[in-house]
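Residue-level listing of the chains:
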Amino acid sequence: LLAAPLSIGSAAAAVIDDALLADDECMTPDGGPGGALNALQLRAKARVQTEEAANDVGNRTEIAGISRWYLGRIGESCTQACSSQSLICLSHNLTTAGTPEKVLGFAVEAGTKCTMSWANDNQHGSGFTVGAPAVCQQTRCGTDSLGTCAYDMMPRSTCDGLPATGFQRFCPCGT
């Protein structure tokens, strides 16, 4: 089943998003994705979370005392990404990246967006511990698709950590 993008107003889109979020008939018994409708639900949920994160004053990094969050290049550490902005990586701010809401807010500030988020399960290498939070910016990053934002629920990132293959880090840069 292929669906073409619809051109609808934001009020209609909100109604559709609410309906998709409420419809759970395509879920598997364990609550996992079950079909095409579920993929639409995930996209709608990610869009809502991104909008909420962008509007959440707690996600504004000026309040946290840093200049801003930047998007590093593929395979680049935060030390390198911040240096290219003539700034330094503020490692203590990496500890704030332990929830999907925070990471979605960092993505917005860095000028990109998350189509979905993924929490590190400690089975996929150091790119998802010392190299998170990050976003997949290639068509595929291993089994993750374009726009997948990865984070560690117990942030262990370092400024020198490298992201997983195909991912770009969200980096807290300041003076």
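Everything in this summary refers to the structure shown in the same document. (Residues numbered from 1 in each chain as written. Predicted model: local features only at pLDDT ≥ 70, side-chain atom pairs only at ≥ 80, totals over all residues. Heavy atoms only, no water.)

1. Some words on the state of the cysteines
Across all of its chains, the model carries five disulfides by this definition. Bridging Cys82 to Cys173, the disulfide has an S-S length of 1.9 Å. Taking the sign of the S-S torsion, -80° for the link of Cys82 and Cys173, the bridge is left-handed. Taken together, the residues Cys82 in helix α4 (residues 78–83) and Cys173 in strand β8 (residues 167–174) connect sequence positions 91 residues apart. Residues Cys82 and Cys173 agree in their burial class; the two are buried. (Disulfide = S-S within 2.5 Å. Helix = DSSP H or I, 4+ residues; strand = E, 2+ residues; numbered from the N terminus. Buried < 20%, exposed > 50% of the residue type's maximum accessible area, 1.4 Å probe, protein only.)

2. A few points about the nonpolar core
Counting 22 residues, the largest nonpolar core has Val103 and Phe170 as the members making the most contacts within it. Ranked by the residues each element gives to this core, the list is headed by helix α5 (residues 100–109), at four residues. Sequence-distant contacts of Val103, that is, excluding residues within four places in its chain, are made with Ala97, Cys114, Pro133, Cys149, Tyr151 and Phe170. If you look at the next biggest cluster of nonpolar residues, it comprises seven residues, including Phe128, Ala134, Ala164 and Phe167. (Core = buried A, V, L, I, M, F, W, Y, C linked by side-chain atoms within 4.5 Å. Contact = heavy atoms within 4.5 Å.)

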